[in-house]
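Single-letter residue listing:
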Amino acid sequence: MSRYLLLLVLAALLLLLPPASCRLLCSVEHTAPSRSGELHDALCHSHRCRQLCLTAARRADEQGAGEAARLFVAIASAQHIHEQLYRSALAARGGEFSIVDSLPFVAESAAQNLRAAHRELDYCFSAAIATLLESGNRYGARLMIRHAASENRMRRLIDLLLNSGDSAARRSYGLCPRCGFLTAAPYRDPYCPQCLLSESRFLEF
């Protein structure tokens, strides 16, 4: 009986040990461990959004929809920052990962692509944040909380453009290079509301 108990204890200890390495693939089947799966999925989400917005920006620019093109580029740049933050967080846990690119479908009109981006940005962060907090990964949860707030602002900017049209006055978009928070005039603060970086260091679009 004691031998079986000893084997069970050893098996439990082995399960608690972190893996030496893991390969994360942005596909349906991947081998992301549960403690990093939420970050991996958010990374893939950011990458999909960035690819969609970059493709839509080129299409909008070809059609002369300059305001929409600028917003698409600003959102893509914000998602790139979130991507890099997730990559760093995953690398800090010893994970190796690669992204599988896929060509996003874009419609002909800028308005249709804005709505498609709005739908893509409707990502459910709450369950992933709760899982990260339960596992003790507070840094990962903080990254995701900031990402969720940033995407809420992105959707509001898309709504604003859809309601006013591309003929509206050119808006100034500001992007925090530290946390990826995107904002627009006249809703600009002297500091980033998420990480308190000075507005003078924002990237302008």
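These numbers were taken from a predicted model, which means no experiment stands behind them.

What counts, and at which threshold
Residues numbered from 1 in each chain as written. Predicted model: local features only at pLDDT ≥ 70, side-chain atom pairs only at ≥ 80, totals over all residues. Heavy atoms only, no water. Helix = DSSP H or I, 4+ residues; strand = E, 2+ residues; numbered from the N terminus. Salt bridge = Lys/Arg side-chain N within 4 Å of Asp/Glu carboxyl O. Buried < 20%, exposed > 50% of the residue type's maximum accessible area, 1.4 Å probe, protein only. Polar contact = N/O pair within 3.5 Å; in protein donor to acceptor, adjacent residues only side chain to side chain. Contact = heavy atoms within 4.5 Å. Phe/Tyr/Trp six-rings, centres within 6.5 Å; stacked < 30°, edge-to-face > 60°. Axes fitted to C-alpha atoms, helices over the stretch in contact; angles between N-to-C directions. Parallel < 35°, antiparallel > 145°, perpendicular 65-115°, else oblique. Left-handed = near helix turned anticlockwise from the far one by under 90°. Nonpolar A, V, L, I, M, F, W, Y, C, P; charged D, E, K, R; others polar. Pairing = 2+ DSSP bridges. Core = buried A, V, L, I, M, F, W, Y, C linked by side-chain atoms within 4.5 Å.

Description of the overall build of the protein
Now for step 1: In terms of helices and strands, the protein carries six helices and five strands.
Now for step 2: Secondary structure elements of the protein, listed N to C terminal, follow the sequence α-β-α-α-β-α-α-α-β-β-β.

A look at the pattern of salt bridges
Now for step 1: In this structure the tally under the stated criterion is five salt bridges.
Now for step 2: R48 serves as the salt-bridge partner of E120, at 3.4 Å between the closest nitrogen and oxygen. With E120 in helix α4 (residues 110-120) and R48 in helix α2 (residues 34-62), this pair connects stretches of sequence that are 72 residues apart.
Now for step 3: You can call E120 partly exposed: its relative accessible area is 26%.
Now for step 4: A salt bridge links R70 to E67, with the nearest nitrogen and oxygen atoms 2.9 Å apart. Highlighted residues: R70 and E67, both in helix α3 (residues 66-92), separated by three residues, approximately one helical turn. Both residues of the pair, R70 and E67, belong to the buried class.
Now for step 5: Several salt bridges converge on common partners, so that one network encompasses R50, E83 and R87.

Structural notes on the side chain of H147
Now for step 1: As for its position among the elements, H147 is in helix α6 (residues 138-164).
Now for step 2: The class of H147 is buried, set by a relative accessible area of 0%.
Now for step 3: A polar side-chain atom of H147 sits 2.9 Å from a polar atom in the side chain of E151.
Now for step 4: Once residues within four sequence positions are removed from consideration, H147 is found in contact with A42, H45, S46, Q79, H82, Y86 and F125.

Some words on the packing of aromatic side chains
Now for step 1: Enumeration over the complete set of coordinates arrives at one aromatic pair.
Now for step 2: Between Y123 and F125, the ring centres sit 4.8 Å apart and the planes meet at 70°, which makes this aromatic pair edge-to-face.

As for the side chain of S150
Now for step 1: Among the secondary structure elements, S150 is positioned in helix α6.
Now for step 2: Apart from residues lying up to four places away in sequence, S150 is in contact with H82, G180, F181, L182 and Q194.

Observations regarding the packing of α4 against α6
Geometrically, a packed helix pair is captured by the angle between its two axes and the distance between the axes.
Now for step 1: Across the interface, α4 lies against α6 with an axial gap of 10 Å and an inter-helix angle of 155°. Classed by the angle they form, the pair α4 and α6 counts as roughly antiparallel. Both α4 and α6 take part in a crossing whose hand is left-handed. Here A111, L114, R115, A117 and H118 of α4 lie close against α6, whose contacting residues are R155, I158, D159, L161 and L162.
Now for step 2: Here the residues of the contact of α4 with α6 sort into six nonpolar, one polar and three charged.

Remarks on the sheet that holds strand β3 (residues 173-175)
Now for step 1: Across the sheet, which stays open at both edges, the three strands sit in the order β4-β3-β5 with antiparallel pairing between neighbours. Either end of the sheet is taken by a strand with one partner, and the two such strands are β4 (182-184) and β5 (203-204).
Now for step 2: Relative to β4, β3 runs antiparallel, the two being bridged by three bridges. Directly across from L175, in β4, lies its bridge partner L182.
Now for step 3: Its contacts with the sheet place α3 against β3 and β4, and it is angled at close to 10° to β3.
Now for step 4: Seen against the sheet, α6 touches β3 and β4 and runs at an angle of roughly 35° to β4.

Thoughts on the nonpolar core
Now for step 1: Judged by nonpolar contacts, the single largest core of 29 residues is most densely connected at A68, L71, F72, I75 and L182.
Now for step 2: Counting only elements with at least two residues in this core, the list comes to α2, α3, α4, α6, β3 and β4.
Now for step 3: If one sorts the elements of this core by residue count, α3 sits on top with nine residues.
Now for step 4: Setting aside chain neighbours within four positions, we find I75 in contact with C53, L121, M154, I158 and L182.
Now for step 5: Counting residues in each nonpolar core, the second largest holds 15 residues, with L39, A42, L132 and A148 among its members.

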